[in-house]
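Results of the structural survey
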Amino acid sequence: PRSESGALRVGDMPFVVNLLLGAVLLAGVVWVWWQVYRAGALSTRVVYAVAPLTAVAMFMVCAPLLSPQFIVWLVPFGAIAWANEERVLGTLVGLGVLTTMLLTQVYEQLNDDLAVGHAMLAARNAVLVSLVVVGIVRLRATTRVTALNGH
């Protein structure tokens, strides 16, 4: 951990890893919207909640910089997911907000390389990865159902 321009930065990413994460992000986002296209955009739940939530979570997971305020990008899609009976995704967004806010309260422990800071960082990151995984599973399920129905 280090302070850079008044902000806490944790870790350092080699250029090659940055490129690989960018490639993973691009492939992931293209895949998400390809699933929407394959589903025929018949489901507003998929178009307005699952797909954008999954794509934004992918961006956050692959980003070399993840400031706490970025978590707000997920909130509208989490609310739409919740309203469309995607309770797991809505709950994960809530957990993402909670763990991010708790993380901001343990920056000193993170800066001092204490376990509690690293545990909270790992918890927040696990929630973001879970959002991506659940989103992918939901998109695949929607695509399979649509394919079985002949659309």
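Look up a bit, the structure's there.
Let me begin by describing the structure that accompanies this report.

Moving on, we get to the overall build of the protein. Within the protein, the secondary structure is distributed over 6 helices and 2 strands. Counting helices and strands in the order they occur from the N terminus, the protein gives β-β-α-α-α-α-α-α. By its C-alpha atoms, the protein is 55 × 35 × 25 Å across when sized along the principal axes. By sequence separation, contacts in the protein at least 24 residues apart represent 66% of the contacts at least 6 residues apart.

Enumeration over the complete set of coordinates arrives at 3 salt bridges. Taking the shortest distance from any N to any O, the salt bridge between R138 and E86 comes out at 2.9 Å. Residue R138 is located in helix α6 (residues 115–148), and its partner E86 is located in the loop between α3 (75–83) and α4 (87–105); the two are separated by 52 residues in the primary sequence. Judged by relative accessible area, which is 6%, E86 ranks as buried. Several salt bridges converge on common partners, so that one network encompasses R45, E86 and R138.

Relative to each other, helix α2 (residues 44–62) and α3 sit at 145°, their axes nearing to 8 Å. Between α2 and α3 lies a crossing of left-handed hand. Contacts between α2 and α3 pair Y48, A49, P52, L53 and V56 from the former with F77, G78, I80 and A81 from the latter. Its residues assigned to classes, the contact of α2 with α3 shows 8 nonpolar, 1 polar and no charged.

Quick look at the packing of aromatic side chains now. The geometry of an aromatic ring pair is captured by the separation of the ring centres together with the interplanar angle, meaning the angle of the planes. Summed over all chains, the structure comprises 3 aromatic pairs. Considering the side-chain rings of F70 and W73, the 4.7 Å spacing of their centres and the 10° angle between planes classify their relative orientation as stacked. Three or more aromatic residues joined by ring pairs make a cluster, and in this case those are F59, F70 and W73. Above the plane of the ring of W82 lies R87, whose end atom (NZ or CZ) is 4.4 Å from the centre.

Another point: α4. Note that an α-helix has 3.6 residues per turn; residues three or four places apart therefore point the same way. Relative to the 27 Å expected for 19 residues at 1.5 Å per residue, α4 spans 27 Å between its end C-alpha atoms, a close match to the ideal helical length. All of the buried residues along α4 are L89, G90, L92, V93, G96, T99, T100 and L103.

This part covers the environment of L53. Topologically, L53 is positioned in helix α2. Along the chain, L53 and L89 lie 36 residues apart, while their C-alpha atoms are 8.4 Å from each other. Once residues within four sequence positions are removed from consideration, L53 is found in contact with L74, F77, G78, A81, L89, V93 and L131.

Let us look at a nonpolar patch on the surface. A surface patch of nonpolar side chains, about 340 Å² in accessible area, is lined by F59, V72, W73 and V75. Locating V72 in the fold gives a position in the loop between α2 and α3.

A word on unusual backbone geometry. Positive phi is not limited to glycine here, since E85 has a value of about 65°. Position of E85 among the secondary structure elements: in the loop between α3 and α4. A relative accessible area of 58% places E85 in the exposed class. At D113, a residue that is not glycine, the phi angle is positive and equals roughly 60°. As for its placement among the helices and strands, D113 is situated in the loop between α5 (107–111) and α6.

Parameters at a glance
Residues numbered from 1 in each chain as written. Predicted model: local features only at pLDDT ≥ 70, side-chain atom pairs only at ≥ 80, totals over all residues. Heavy atoms only, no water. Helix = DSSP H or I, 4+ residues; strand = E, 2+ residues; numbered from the N terminus. Contact = heavy atoms within 4.5 Å. Salt bridge = Lys/Arg side-chain N within 4 Å of Asp/Glu carboxyl O. Buried < 20%, exposed > 50% of the residue type's maximum accessible area, 1.4 Å probe, protein only. Axes fitted to C-alpha atoms, helices over the stretch in contact; angles between N-to-C directions. Left-handed = near helix turned anticlockwise from the far one by under 90°. Nonpolar A, V, L, I, M, F, W, Y, C, P; charged D, E, K, R; others polar. Phe/Tyr/Trp six-rings, centres within 6.5 Å; stacked < 30°, edge-to-face > 60°. Lys NZ or Arg CZ within 6 Å of the ring centre and 35° of its normal. Expected span 1.5 Å × (residues − 1). Patch = residues over 30% accessible without salt bridge, like charges linked within 9 Å, V, L, I, M, F, W, Y side chains within 5 Å. Areas by Shrake-Rupley, 256 points an atom, 1.4 Å probe, with all protein chains shown as cover.

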